[in-house]
Amino acid sequence: MHNLDAAGHVRGESQYLDDIPVQRGTLHAVVYGSPLAHGKLRSLNLEAARRAPGVVRILTAADIPGENQIGGIVPDEELLAGSHVHFQGMPVALVLAETEPQARAAVKLIEADIEPLPIITDPREAAAQDELIVPPRTFRLGDPAATWDACAHIIEGVAENGGQEHLYIETQGAYAYPSEGGGVRVHSSTQGPTAVQRHTARVLGVGMHKVEVDVVRLGGGFGGKEDQATTWGALAALGAFVVKKPVKLVLSRHDDLRMTGKRHPYSSDFKLGLSADLKLLAYEVTFYQNAGAAADLSPAVLERTLFHATNTYFIPNVRATAYSCRTNLPPNTAFRGFGGPQGMFVIESAIAKAAEQLGVPAWEIQRRNLYQDGQEFPYGQRLADCHAGLSWQTAEQKFKLEQWQAEVDAFNQQSAVKKRGLAVMPICFGISFTKTAMNQARALVHIYTDGSVGISTGAVEMGQGVNTKMVQVAARTLGINPNRVRLETTNTTRVANTSPTAASATADLNGKAVEMACRALRVRLMRHAAEELKLEYEGLEIYDEQVLAAGKPAETDWEKLVSTAYWKRVSLTENAHYATPDLWFDQTQEKGNPFAYHVYGTALVQATVDAVRGTYEIDAVRLVHDFGQSFTPGIDRGQIEGGLVQGLGWMTMEELIYNQEGRLLTNALSTYKVPDLYSVPAVVDVEFLETPGHPNAILRAKAVGEPPLMYGLGGYFAIRNAVRAFRPSVFPAFSAPITPEKVLMSLYAAPAAEPAPVHQAATVAPIKP
Ligand code: MTE
Ligand code: HPA
Ligand code: MOS
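Residues numbered from 1 in each chain as written. Chains lettered and ligands numbered in written order. Predicted model: local features only at pLDDT ≥ 70, side-chain atom pairs only at ≥ 80, totals over all residues. Heavy atoms only, no water.

**Some details on the overall build of the protein chain**
To keep things clear, this is the line we draw: Note on conventions: DSSP H or I runs of at least 4 residues are helices, E runs of at least 2 residues are strands, and numbering of each starts at the N terminus. With the radius of gyration taken over C-alpha atoms, the globule rule is written as 2.2 Å times the number of residues to the power 0.38. Here's how the labels work: a residue is buried when its accessible area is under 20% of the maximum for its type, exposed when over 50%, partly exposed in between, all with a 1.4 Å probe on protein chains only.
From N to C terminus, the protein chain includes 18 helices and 30 strands. On C-alpha atoms alone, the protein chain measures out to a radius of gyration of 27 Å, which is about the 27 Å that the 2.2 N^0.38 rule sets for 769 residues. Across its three principal directions, the C-alpha atoms of the protein chain cover 85 × 80 × 50 Å. Put simply, the protein chain has 769 residues, and 60% of those count as buried.

Here it is, written out as structure tokens:
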């Protein structure tokens with residue numbers, strides 16, 4: 001089955017927020033954002049803006065009828081600045097005008113008198129000043145301090161990664177109008193309809209039942225609309241509520257780039273101890289997360305960094321500490337991988353550094369330390385059904401790793417200016433919201449009397465194909481043709497109290513609920529059929545719309561069955577609730593069983609660097625991925641390709657630069673480079689690993705949304721290896737993205753004095769081929 005949305009997208013018929021017909025009298029809203037990154041808001045001069053053509057009303061914090069608060073995990077974020085501003089672009093006032101250009105023109109006339117306060121943009125500086133969002137957290141296994149003496153090699157260093165702009169094609173926005181009885185209806189481009197509903201109700205001072213949020217689909221979210229769609233939904237709703245007119249608020253690309261948070265930059269310290277035969281013995285890591293000016297999802301992102309701090313390697317002694325640091329940047333937020341990629345970049349950097357100092361390929365260290373069943377993650381979960389080894393071995397054999405390395409080495413021998421690098425990137429990613437309670441979902445299924453089916457869930461379609469998956473689950477479970485099934489919009493009055501579409505778990509959670517509801521309906525219909533046909537219930541099934549009795553076609557099909565059931569007053573509607581079994585986590589011990597299962601895979605990445613220009617290409621990515629039993633292979637392959645390229649972009653070219661005043665300098669697509677068609681590797685080979693899947697995965701098809709992003713880390717290390725093939729004496733800083741500028745500088749910079757390992761055994765065990 002192809003993606004349900006394919007035809008609509010190609011024809012331009014798919015509906016997005018901006019396609020919703022605008023009601024007569026709709027006002028257009030534009031936000032006035034703080035010009036300074038930190039300060040005391042002394043006064044606001046709105047006079048000129050109020051007199052500007054078309055302006056109907058300007059709202060500030062004083063106009064909020066309820067609470068001026070949209071913080072999710074920590075209540076530390078005002079919707080509109082009250083007494084202080086905390087980042088450049090922080091919403092201060094909302095201009096409502098008859099047209100959008102009028103509102104935009106009026107915003108330019110607003111003047112704010114702000115008393116400047118010191119600006120922090122660096123997470124380590126924030127930590128030094130004790131500007132922490134939440135207390136630091138530490139995950140522990142064994143005792144690294146007691147292990148260093150037993151290590152043959154100890155490698156220490158620093159790794160830094162930049163942020164990443166989500167660059168969803170559809171910018172943030174919402175369209176709200178007053179509804180009868182003092183409520184509002186909000187169309188929102190959000191991954192979290194319930195989050196928009198909850199915070200809007202709080203801001204308006206009404207019950208959640210008075211706020212209806214509806215989502216058709218998103219033109220991409222990538223985590224950027226898990227929490228941060230709330231601001232725009234609540235602002236549009238505030239306007240509609242106060243002025244009693246429909247209000248549309250859609251961010252311009254420029255406003256979206258400068259006002260919204262992004263993937264978190266991290267600065268991290270690592271110390272890695274190895275045995276003489278390259279076993280990882282001890283690992284100490286400290287993460288400084290640049291959270292921005294408010295908590296947003298940062299504490300949860302921080303937690304996932306800790307969960308993935310050792311990636312897919314067993315290290316018996318681990319101490320991982322993470323600080324969430326408050327800076328005067330827009331609050332950073334969820335982004336595909338949710339802190340996991342940042343954690344993995346540090347351990348991969350540590351392994352790369354060890355390999356460089358010991359003169360072995362990093363993959364010699366990686367493959368000796370892969371997780372195995374029965375071992376324990378630092379967070380206490382025991383490994384079961386681990387495919388780390390299988391995915392590595394399959395990739396190593398299928399893509400002939402050692403031969404490939406030999407070819408790269410041979411190429412580098414004979415090529416003076418172009419140099420190649422090969423890197424292996426294995427991944428292990430935990431599936432579930434790390435907050436156990438969020439792992440629940442509901443589905444509402446109606447069978448209409450003509451046999452067609454309508455389904456509502458909490459899942460939001462944002463390009464990842466979840467609607468297609470839900471239709472497939474329903475059709476399979478009911479035994480009917482998928483074209484009878486329609487997926488309704490995601491709406492808080494039909495399915496309430498939903499978790500956001502996130503954590504790659506949407507298809508699992510909502511799909512299981514759909515499966516449960518459809519199963520209940522099927523059982524009910526089969527009981528009805530048994531009665532009608534006077535047959536034993538036990539032998540009845542439905543397949544391909546035909547009722548079968550003991551495997552043979554019976555006297556009824558789907559349409560007849562549904563219609564007769566209605567006349568016998570059998571309920572054709574079902575609502576099901578699913579909660580992932582056996583999850584728990586004890587934060588006081590930092591131990592538990594947080595994940596339903598893990599996803600594994602191994603990518604081999606080759607890059608070629610032009611050592612005169614510093615430019616490079618990612619030539620080929622060949623990977624083996626653990627999909628379980630994929631039932632939508634086309635969609636799942638698309639998720640791998642998209643995630644991979646997004647990860648490569650983050651690691652190589654996407655460079656966010658804020659100046660000391662907290663102003664985003666890369667605030668347009670002329671200065672912020674994202675991968676385009678030409679930067680996609682010429683070869684992307686995605687092989688499906690044969691595994692049974694997992695019972696917690698929907699129809700045993702494992703979650704696929706986020707894991708492939710982390711294959712992109714391989715691009716960083718492939719380029720780095722190519723740089724070092726040209727100039728083996730250089731040890732570039734572990735600083736992502738590795739832009740062409742950084743490549744060029746490291747190729748020709750003065751040699752950095754790289755300290756030798758703290759101590760090294762007299763004899764290094766021979767490394768077996
Ligand atoms: N794919 C597309 N095309 N667009 C998106 O916005 N978001 C990613 C991923 N794949 C995204 C995407 C993120 S961050 C997540 S968490 C998952 O999809 C969410 O959807 P799922 O749970 O259905 O995999
Ligand atoms: N992943 C993604 N989004 C989330 C999570 C998570 O683990 N927890 C809360 N929001
Ligand atoms: Mo994805 S970062 O969990 O929206």
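**Some words on the site of ligand 1**
To be explicit about the condition: The rule for a residue being near a molecule or strand is that one of its heavy atoms must lie within 4 Å of it. By the criterion applied in these results, polar contacts are pairs of N or O atoms within 3.5 Å in which, for protein atoms, one can donate a hydrogen and the other can accept it, and in which residues neighboring in sequence qualify only through two side-chain atoms. Working definition of accessibility: Shrake-Rupley area with a 1.4 Å probe, residue cover restricted to the visible protein chains. Here the nonpolar group is Ala, Val, Leu, Ile, Met, Phe, Trp, Tyr, Cys and Pro; Asp, Glu, Lys and Arg are the charged ones; every other residue, Gly included, is treated as polar.
Close to ligand 1 lie 17 residues; Gly221, Phe222, Met462, Thr506 and Gln639 are nearest. Separating an oxygen atom of ligand 1 from a backbone N or O atom of Gly221 is a distance of 2.7 Å. Thr506 is positioned such that a nitrogen or oxygen atom in its side chain is 2.5 Å from an oxygen atom of ligand 1. Within the complex, 92% of the 520 Å² of free accessible area of ligand 1 lies under protein. The class makeup of the residues in the shell around ligand 1 is six nonpolar, nine polar and two charged.

**Here's the deal with the domain arrangement of the protein chain**
Formally: For every domain, the bounds stem from an assignment made automatically or drawn from a database. Residues count as neighbours in contact if any of their non-hydrogen atoms are within 4.5 Å of one another. Values labelled buried area give the accessible surface lost by two parts on being combined, using a 1.4 Å probe and summing over both. Salt bridges are defined as contacts in which a side-chain nitrogen from Lys or Arg sits within 4 Å of a carboxyl oxygen from Asp or Glu.
The domain architecture assigned to the protein chain consists of domain 1 (18-118 + 166-259), domain 2 (266-434 + 588-747) and domain 3 (440-579). A straight line from the C-alpha centre of domain 2 to that of domain 3 covers 39 Å. Facing 21 residues of domain 2, the contacting portion of domain 3 comprises 21 residues. Here domain 2 packs against domain 3, burying approximately 1,600 Å² in sum over the two surfaces, 61% of which is carbon and sulfur. Of all residues in domain 2, Phe433, Phe631 and Ile698 give up the largest surface area on contact with domain 3, accounting jointly for 41% of the area buried on that side. Where domain 2 meets domain 3, there are one salt bridge. Here Asp636 and Lys469 are joined by a salt bridge, their closest N and O atoms 2.9 Å apart.

**Describing the pattern of salt bridges**
Evaluation of the coordinates by the stated rule reveals 37 salt bridges. Within the structure, one salt-bridge network assembled from shared partners comprises Glu364, Arg367, Arg368, Glu396 and Glu402.

**A closer look at the packing of aromatic side chains**
Ring pairs (aromatic) are described by centroid distance and by the angle formed between their planes. So the rule is basically this: For Phe, Tyr and Trp, rings pair up if their centres lie within 6.5 Å, where Trp contributes its six-membered ring, and each pair is then called stacked (planes under 30 degrees apart), edge-to-face (over 60) or tilted (otherwise).
Evaluation of the coordinates by the stated rule reveals 19 aromatic pairs. Considering the side-chain rings of Tyr175 and Tyr177, the 5.5 Å spacing of their centres and the 70° angle between planes classify their relative orientation as edge-to-face. Classification of Tyr177 as buried rests on a relative accessible area of 15%. A centroid spacing of 5.9 Å and a plane angle of 40° characterise the contact between Phe345 and Phe717, whose relative ring orientation is tilted.

**A few points about the packing of helix 17 (residues 713-726) against helix 18 (residues 740-748)**
Helix packing for two helices is described by the angle between their axes and how far apart those axes are. The condition that has to hold: Convention adopted: a line fitted to C-alpha atoms gives each axis, helices being fitted over their contacting stretch, and angles between N-to-C directions are expressed from 0 to 180 degrees. Each angle is binned into one of four classes, with values under 35 degrees roughly parallel, values over 145 roughly antiparallel, values of 65 to 115 roughly perpendicular, and all other values oblique. Two helices that cross are described as forming a left-handed crossing if the nearer one is turned anticlockwise from the farther one by less than a right angle, and a right-handed crossing if clockwise.
The geometry of helix 17 relative to helix 18 is characterised by a closest axis approach of 10 Å and an angle of 25° between their N-to-C directions. With respect to each other, helix 17 and helix 18 are oriented roughly parallel. In this structure, the crossing between helix 17 and helix 18 has a hand that is right-handed. Seen from helix 17, the contacting residues are Ile719, Val723 and Phe726; seen from helix 18, they are Val743, Ser746, Leu747 and Tyr748. Residues of the contact of helix 17 with helix 18, tallied by class, amount to six nonpolar, one polar and no charged.

**Examining helix 13 (residues 466-478)**
As a reminder of what qualifies: Multiplying 1.5 Å by the helix residue count minus one yields the expected span of that helix.
Between its first and last C-alpha, helix 13 extends 18 Å over 13 residues, near the 18 Å set by a 1.5 Å rise per residue. In terms of burial, helix 13 is a largely internal element, twelve of the 13 residues being buried. Every buried residue of helix 13 is accounted for by Val466, Asn467, Thr468, Lys469, Met470, Val471, Gln472, Val473, Ala474, Ala475, Thr477 and Leu478. As for helix 13, its buried residues are in contact with strand 18 (453-457), strand 19 (485-487), helix 14 (506-533), strand 21 (540-543), helix 15 (558-567) and helix 16 (633-652). At the exit of helix 13 stands Gly479, carrying a positive phi of roughly 75°.

**Digging into the sheet that holds strand 20 (residues 490-491)**
Our working rule: Two strands are said to pair when DSSP picks up at least two bridges between them.
The sheet built from eight strands is open, its strands ordered 3-5-1-12-9-10-11-20 with mixed pairing. Strands at the two margins of the open sheet, each flanked by one partner only, are strand 3 (55-59) and strand 20. Pairing of strand 1 (residues 27-33) with strand 12 (residues 247-250) involves two bridges; the strand directions are parallel. Following the sheet pairing, Leu27 is matched in strand 12 by Val247. Here helix 3 (residues 100-107) sits on the sheet in contact with strand 1, strand 3, strand 5 (91-97) and strand 12, set at roughly 25° to strand 1.

**Section: the UniProt feature "domain: Aldehyde oxidase/xanthine dehydrogenase a/b hammerhead" (unreviewed entry) in the protein chain**
Defined as follows: UniProt positions are given in the numbering used here, feature names are shortened, and annotations may be inferred rather than shown by experiment.
As recorded in UniProt, the sites labelled "domain: Aldehyde oxidase/xanthine dehydrogenase a/b hammerhead" (unreviewed entry) are residues 11-118. The straight-line gap between the two end C-alpha atoms of residues 11-118 is 51 Å; of that span, 13% is helix and 31% is strand.

**So, the confidence of the model for the protein chain**
The condition is simple: pLDDT measures the predictor's confidence residue by residue and takes values from 0 up to 100.
On average, the protein chain scores 96 in pLDDT, and the residues at 70 or more come to 98%. Low pLDDT (under 50) marks residues 758-769, which in the prediction has 25 contacts with non-local residues, meaning those over four places away or in another chain.

**Some thoughts on empty space enclosed by the protein**
The gaps left among the atoms become clear once a water-sized probe is rolled over them. Heads up, the condition is: Within this scheme a cavity is a closed region of a 1 Å grid, computed over the protein atoms alone, that accommodates a 1.4 Å probe without allowing it to escape, whereas a pocket is open but has protein on both sides within 12 Å along at least five of seven lines; lining residues each have an atom within 4 Å of a point. Grid points are joined across faces, edges and corners, and a volume is the space filled by probe spheres set on the points.
Taken as a whole and judged by the stated rule, the model has five cavities of 30 Å³ or more. Size it by volume and the largest cavity reaches roughly 210 Å³. Lining the largest cavity are 19 residues, with Ile70, Glu77, Phe87, Thr231 and Pro331 sitting closest to its centre. It is helix 6 (residues 229-243) that provides the largest number of residues to the lining of the largest cavity, a total of three residues. Residue classes in the lining of the largest cavity are distributed as nine nonpolar, five polar and five charged.

**Thoughts on the packing of helix 13 against helix 14**
Where helix 13 contacts helix 14, the axes come no closer than 9 Å and their chain directions differ by 25°. Considering their axes alone, helix 13 and helix 14 lie roughly parallel with respect to each other. Helix 13 and helix 14 meet at a crossing whose hand is right-handed. Contacts between helix 13 and helix 14 pair Val466, Lys469, Met470, Val473, Ala474, Thr477 and Leu478 from the former with Thr506, Ala507, Asn510, Gly511, Val514, Glu515, Cys518, Arg519, Leu521 and Arg522 from the latter. In the contact of helix 13 with helix 14, the residues fall into nine nonpolar, four polar and four charged.

**A few points about the side chain of Asn439**
Relative to the helices and strands, Asn439 is located in the loop between strand 16 (418-431) and strand 17 (440-447). With sequence-adjacent residues up to four places away left out, Asn439 is seen in contact with Ser432, Phe433, Leu509, Tyr578, Ala579, Thr580 and Leu583.

**Examining the site of ligand 2**
Keep this limit in mind: Being in a pocket or cavity means that more than half of the molecule's atoms lie within 2 Å of its grid points.
If you check the shell around ligand 2, you find Glu226, Arg304, Phe338, Ser432, Phe433, Thr434, Met438, Ala502 and Ala503 and nothing else. Interatomic distance of 3.1 Å between a backbone N/O atom of Thr434 and an oxygen atom of ligand 2. Look at ligand 2: alone it shows 250 Å² of surface, and the protein chains cover 97% of it. Using a 2 Å cut-off from the grid points, one finds that ligand 2 occupies the second largest pocket. Classifying every residue of the shell around ligand 2 gives five nonpolar, two polar and two charged.

**Quick look at the side chain of Asp296**
Following the sequence through the fold, Asp296 ends up in the loop between strand 14 (280-292) and helix 8 (298-307). In terms of polar contacts, Asp296 uses its side chain to reach the side chain of Gln228, at 3.1 Å. Within the structure, Asp296 has its side chain in polar contact with the side chain of Thr333 (distance 2.6 Å). In contact with Asp296, not counting residues within four places along its chain, are Ile73, Glu77, Asp227, Gln228, Pro331, Asn332 and Thr333.

**Here's the deal with the sheet that holds strand 17**
Spatially, four strands are ordered 19-18-17-24 in an open sheet, and the strand pairing comes out mixed. For this open sheet the edge positions go to strand 19 and strand 24 (573-579), each flanked by a neighbour on one side alone. Mean inter-strand twist for the sheet, computed between neighbouring axes without regard to direction, equals 20°. Where strand 17 and strand 24 come together, seven bridges link them in antiparallel fashion. Within strand 24, the position partnered with His446 by the bridge is Thr573.

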